[in-house]
Amino acid sequence: MRDTYADTKLSILQAGRRLIAHKGFTGVGLNELLTAADIPKGSFYHYFGSKERYGRELIEQYVDEYLLTLDKTFDADGNANSTARERLLTYWGYWLETQCCEIAEHKCLVVKLSAEVADLSDDMRVALHSGTEAFIARIADVIRTGVAEGSLHTVLEPYRTAQMLYQMWLGASLLSKLSRDREALESAMDVTRRVLVAP
């Protein structure tokens, strides 16, 4: 038997995510969100209690989905013929292509919301920070694997390297939004390839 409460809640989160991907968190009014999700105001408060709580749960759902994507991309068994270095470059290549596309809902919600909500909501800030720490930890694990298997240089310190690369790509994504071209992201890919050089 399907859990209609969970299904409805997910539907509301998905409707809002599409809007917020286009307009930002503060740019989406509650009435617009209610219309997109096709629910009355009372139902929204039944599921979330407040718009801030909604924002936090939206971020948490995004983080969970993103971690599943990372796990699939980085899975050594599912990518049996690839090295850790190749899996990392596949991930950054995916980032390059999706952050340059015109489809807003494909773009990184961390990039979209970080500056906007950092001073607006501590709950949302913490959810974003926890999510990015989890992403960096996954990347560090793959770097660690690459060093052990010999596809990455042994001088790399996994966590610091992962943190530096993730921060660089976040910054490049923001610059790409400003310039509306690929140059910053392509520069990030060039640096990434040099950092992840094989021994």
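Residue indices begin from 1 for each chain and proceed along its sequence in written order. Thresholds applied to this predicted model are a pLDDT of at least 70 for local features of residues and 80 or more for the giving and counting of side-chain atom pairs; totals over whole chains, interfaces and linings are not thresholded and use all residues. Side-chain numbers come from the whole structure's heavy atoms, not from hydrogens or water.

## Some points on the pattern of salt bridges
Thinking step 1. Salt bridge criterion: a side-chain nitrogen from Lys or Arg within 4 Å of a carboxyl oxygen from Asp or Glu. Under the definition given, this model contains 12 salt bridges.
Thinking step 2. Arg 17 is the salt-bridge partner of Glu 65, the closest N and O atoms lying 2.7 Å from each other. Within this pair, whereas Glu 65 is found in helix H4 (residues 51–74), its partner Arg 17 is found in helix H1 (residues 4–23), the two being separated by 48 residues in sequence.
Thinking step 3. For Glu 65, a relative accessible area of 32% puts it in the partly exposed group.
Thinking step 4. Accessibility here uses a 1.4 Å probe with only protein chains present; expressed as a share of the type maximum, an area under 20% marks a residue as buried, one over 50% as exposed, and anything in between as partly exposed. Since its relative accessible area comes to 18%, Arg 17 is described here as buried.
Thinking step 5. We note a salt bridge from Glu 60 to Arg 56, for which the minimum N-O separation is 3.3 Å. Remark: Arg 56 and Glu 60 occur in helix H4; sequence separation between them is 4 residues, near one turn of the helix.
Thinking step 6. Each of Lys 9, Arg 53 and Glu 57 takes part in a single network of salt bridges with overlapping partners. Elements are defined by DSSP. Helices are runs of H or I of four residues or more, strands are runs of E of two residues or more, and each kind is numbered from the N terminus.

## Some points on the side chain of Thr 98
Thinking step 1. Relative to the helices and strands, Thr 98 resides in helix H5 (residues 84–100).
Thinking step 2. Residue classification places Thr 98 among the buried residues on the basis of a relative accessible area of 11%.
Thinking step 3. Side-chain atoms alone can form a polar contact between residues adjacent in sequence; in general such a contact is a pair of N or O atoms within 3.5 Å, and within protein one must be able to donate a hydrogen while the other accepts it. A polar side-chain atom of Thr 98 sits 3.3 Å from the main-chain carbonyl oxygen of Trp 95.

## What to know about the packing of helix H7 (residues 122–149) against helix H8 (residues 158–179)
Angle between the axes and distance between the axes: these two values describe a pair of packed helices.
Thinking step 1. Between H7 and H8, the shortest axis-to-axis distance is 8 Å and the interhelical angle comes to 125 degrees. One element, H7, and the other, H8, form an angle in the oblique class. At the point where H7 passes H8, the crossing takes the right-handed sense. In this structure, H7 contributes Thr 132, Glu 133, Phe 135, Ile 136, Ile 139, Ala 140, Ile 143 and Arg 144 to the contact, and H8 contributes Pro 158, Tyr 159, Thr 161, Ala 162, Gln 163 and Tyr 166.
Thinking step 2. For this classification, the nonpolar set comprises Ala, Val, Leu, Ile, Met, Phe, Trp, Tyr, Cys and Pro, the charged set comprises Asp, Glu, Lys and Arg, and every other residue, Gly included, is treated as polar. Partitioning the contact of H7 with H8 into residue classes produces 9 nonpolar, 3 polar and 2 charged. Working convention: axes come from line fits to C-alpha atoms, limited for helices to the stretch in contact. Angles between N-to-C directions cover 0 to 180 degrees. Oblique is the label for any angle not covered by the other classes, which are roughly parallel (under 35 degrees), roughly antiparallel (over 145) and roughly perpendicular (65 to 115). Left-handed is the label given to a crossing in which the near helix is rotated counterclockwise from the far helix by less than a right angle, and right-handed is the label when the rotation is clockwise. Pairs of residues are marked as contacts when any of their non-hydrogen atoms sit within 4.5 Å.

## Comments concerning helix H2 (residues 30–37)
Note on helix geometry: an α-helix contains 3.6 residues per turn, so any two residues three or four positions apart are oriented the same way.
Thinking step 1. Along H2, the residues that are buried comprise Leu 30, Leu 33, Leu 34 and Ala 37. Looking down the long axis of H2, one finds its buried residues gathered within 100 degrees of arc, a one-sided arrangement. In H2, those exposed residues whose orientation departs by more than 90 degrees from the buried face are Asn 31 and Thr 35.
Thinking step 2. Contacts made by the buried residues of H2 are with H1, helix H3 (41–47) and H4. The directions from the helix axis to the C-beta atoms form the arc being described.

## Some words on unusual backbone geometry
Thinking step 1. Backbone geometry at Asp 38 places phi at a positive 60 degrees, although glycine is not the residue there.
Thinking step 2. Mapped onto the elements of the fold, Asp 38 is located in the loop between H2 and H3.
Thinking step 3. The exposure class of Asp 38 is exposed, given its relative accessible area of 67%.
Thinking step 4. Positive phi is not limited to glycine here, since Arg 180 has a value of about 55 degrees.
Thinking step 5. Mapping Arg 180 onto the fold places it in the loop between H8 and helix H9 (183–195).
Thinking step 6. With relative accessibility at 78%, the residue Arg 180 sits in the exposed group.

## Thoughts on the environment of Leu 174
Thinking step 1. Along the polypeptide, Leu 174 turns up in helix H8.
Thinking step 2. The sequence separation of Leu 174 and Ser 121 amounts to 53 residues, and the corresponding C-alpha distance is 21 Å.

## Here's the deal with the packing of aromatic side chains
Thinking step 1. Here a pair means two rings of Phe, Tyr or Trp (six-membered ring of Trp) with centres within 6.5 Å. Their orientation is stacked below 30 degrees between planes, edge-to-face above 60, and tilted elsewhere. Tallied over the full model, the rule gives 17 aromatic pairs.
Thinking step 2. Look at Phe 44 and Phe 48: their rings are 5.4 Å apart centre to centre, the planes differ by 40 degrees, and that puts the pair in the tilted class. Per residue, the accessibility class of Phe 44 equals that of Phe 48, and both read buried.
Thinking step 3. Three or more aromatic residues link up through ring pairs in this structure, and these residues are Tyr 62, Tyr 66, Phe 74, Tyr 91, Trp 92, Trp 95, Phe 135, Tyr 166 and Trp 169.
Thinking step 4. The lysine or arginine in question, Lys 51, covers the ring of Phe 25, its NZ or CZ lying 4.5 Å from the ring centre. For a Lys NZ or an Arg CZ to count as sitting over a ring, it must be within 6 Å of the ring centre and within 35 degrees of the ring normal.

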